[in-house]
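# Results of the structural survey
The chain contents come next:
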Amino acid sequence: RRHLPLQTWPESINQVNKTALLTWMKETGIDLVQINGQRRYGGPPPGWVGDAPPTGSEVFIGKLPQDVYEDTLIPLFQRVGKLYEFRLMMTFSGLNRGFAYAKYGSRHSAKVAVSALNNFEVRKGCSILVCKSTEKCELSMDGLAASLSRKHLEVLLQEAAEGILSVTLYPSPFQKRAQLAVLKYSSHRAAAMAKKSLMEGNKRISEEDLRVEWLKPDLKQKLRCSEEKPSVTWLPRGKCPGSPKEVHAPLSPVLGKALELLDALCRRRRLGTPLFFTKCVQVNRNGWLRFWCQVVIPGHPVPLSGFTWVRQDMAGASGHDKAKDMLAMQVLSILGES
């Protein structure tokens, strides 16, 4: 069996349909851009006026013959409404991967597309699947080093792909001495591009193989439940020389007496009387309360604030009092008194 040279064999596959696609692009003036395994039209298309369509305006297209291209698909899906974007997933050989996404200008057009085109025969004996796109925007990344900080990971992810909105780190439920990150992106497309990039490997993030998947509902629920006893993270506002950017609260014998100790320290150093502000922002169904807390010390250059979880299980102690005590303990640590 004779193999074509590596640099030429992809171009020899499905040449007739590829030529038809190029002819159609020239005749219509439509521009297709291929980036990281997907070929895109629009987003927005030429002449688009206004904001991007709302969530729920995209449909998923599956069971596509691998040799069908945009010259067939875009005109078909434009019959039912104005397209904002069309994305066809591609292989390195130039065949499609059997699925695509069409985003319309409105949710109504997306519903019409599902009704009109689901089970439509794009060629004899080839019925396609068309359904509402879930537009997932969250990924899970397991196997991160326990020493990797959230801030450092954010920088690396921004270099790997665009659109990262937030990063949350958890102890991995599946691996010892490892972390799992939940990554939230600005759109499904941004998340899909990031997933592909991260699955291909990024040695700057980890020397080990990372497990990158769409965030599954059961894992999301499991991580939420793990917040019953979360670590406490304090984020000082502004830049204070000598104070850490992120401090994790250990269990300490001063807990319960931290307010008194902080008052005494401030008097001794002539920093003024600490002023506390607390607000309960979340109630966990297992009885834990999440508080936002802030302390202003007149002689300290910046306020200190953050979030903590507490439980009202101390006789005579409210959640607000316990949250203040937790913050006071952190301030003692920052000021070098614990």
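Residues numbered from 1 in each chain as written. Predicted model: local features only at pLDDT ≥ 70, side-chain atom pairs only at ≥ 80, totals over all residues. Heavy atoms only, no water.

Counting its secondary structure elements, the chain contains nine helices and 17 strands. Sequence-distant contacts in the chain: of pairs separated by 6 or more residues, those separated by 24 or more amount to 62%. Of the roughly 19,400 Å² that the chain leaves accessible, carbon and sulfur atoms contribute 53%. (Helix = DSSP H or I, 4+ residues; strand = E, 2+ residues; numbered from the N terminus. Contact = heavy atoms within 4.5 Å. Areas by Shrake-Rupley, 256 points an atom, 1.4 Å probe, with all protein chains shown as cover.)

By size, the foremost hydrophobic cluster in this structure holds 28 residues, and its most contacted members are Ile-61, Phe-77 and Phe-86. Counting only elements with at least two residues in this core, the list comes to α2 (15–28), β3 (58–62), α3 (70–78), β4 (83–90), β5 (96–104) and α4 (107–117). The residues contacting Phe-86, other than those within four sequence positions of it, are Arg-39, Arg-40, Tyr-41, Ile-61, Glu-70, Leu-73, Ile-74, Phe-77, Ala-100, Tyr-101 and Ala-102. (Core = buried A, V, L, I, M, F, W, Y, C linked by side-chain atoms within 4.5 Å. Buried < 20%, exposed > 50% of the residue type's maximum accessible area, 1.4 Å probe, protein only.)

Spatially, the four strands line up as an open sheet ordered β10-β11-β9-β12, and their pairing is antiparallel. Each edge of the sheet is formed by a strand with only one pairing partner; in this case those strands are β10 (164–171) and β12 (211–214). Put simply, the sheet's adjacent strands are angled 20° from each other on average, direction ignored. Relative to strand β11 (residues 178–185), strand β9 (residues 138–145) runs antiparallel, the two sharing seven bridges. Across the sheet, Leu-139 pairs through a bridge with Leu-183, a residue of β11. Where helix α6 (residues 188–199) meets the sheet, it contacts β9, β11 and β12, and its direction lies at approximately 160° from that of β12. Across the sheet, helix α7 (residues 217–225) is in contact with β9, β10 and β11; its angle to β11 comes to roughly 115°. (Pairing = 2+ DSSP bridges. Axes fitted to C-alpha atoms, helices over the stretch in contact; angles between N-to-C directions.)

Right, let's talk about the pairing of β10 for a bit. Sheet analysis places β10 next to β11, joined by seven bridges and oriented antiparallel. Along β11, the bridge assignment pairs Ser-166 with Lys-184. What sits between β10 and β11 in their antiparallel hairpin is a turn of six residues, with Arg-177 showing a positive phi close to 55°.

Now for the pairing of strand β15 (residues 275–283). Of the pairings in the sheet, the one linking β15 to strand β16 (residues 288–296) comprises eight bridges and is antiparallel in character. When the sheet's bridge partners are listed, Gln-282 is paired in β16 with Arg-290. Taken together, β15 and the strand that follows it, β16, pair antiparallel across an intervening segment of four residues, in which Gly-287 is found at a positive phi of about 100°.

This next bit is on the confidence of the model for the chain. Looking at the chain as a whole, the pLDDT averages 81, with 83% of positions reaching at least 70. The weakest mean pLDDT in the chain belongs to strand β14 (residues 247–248) at 38; the strongest belongs to α3 at 97. Segment residues 1–9 is flagged for pLDDT under 50; beyond a separation of four residues in sequence, or across chains, it makes three contacts in the model. Counting interchain partners and residues more than four positions distant, the pLDDT-below-50 stretch residues 228–254 has 56 contacts. (pLDDT = per-residue confidence, 0-100.)

The subject of this paragraph is the packing of aromatic side chains. Applying the stated criterion across every chain, the model contains five aromatic pairs. Residues Trp-48 and Tyr-84 carry aromatic rings whose centres are separated by 4.9 Å and whose planes lie at 75° to one another, so their mutual orientation is edge-to-face. Of the two residues, Trp-48 sits in the loop between β2 (38–42) and β3 while Tyr-84 sits in strand β4, which places them 36 residues apart along the sequence. For the pair Trp-48 and Tyr-84, a shared accessibility class is recorded, and that class is buried. Seen from their ring centres, Phe-60 and Tyr-101 are 5.5 Å apart, and the 65° between their planes marks the pair as edge-to-face. Linking Phe-60 in strand β3 with Tyr-101 in strand β5, this pair joins segments that are 41 residues apart in sequence. By relative accessible area, Phe-60 is classed as partly exposed at 21%. Using a relative accessible area of 12% as the deciding quantity, one classes Tyr-101 as buried. The ring of Phe-174 has Arg-211 lying over it, and the distance from NZ or CZ to the ring centre is 5.9 Å. Over the ring of Phe-307 we find Arg-290, and its NZ or CZ is 4.6 Å from the ring centre. (Phe/Tyr/Trp six-rings, centres within 6.5 Å; stacked < 30°, edge-to-face > 60°. Lys NZ or Arg CZ within 6 Å of the ring centre and 35° of its normal.)

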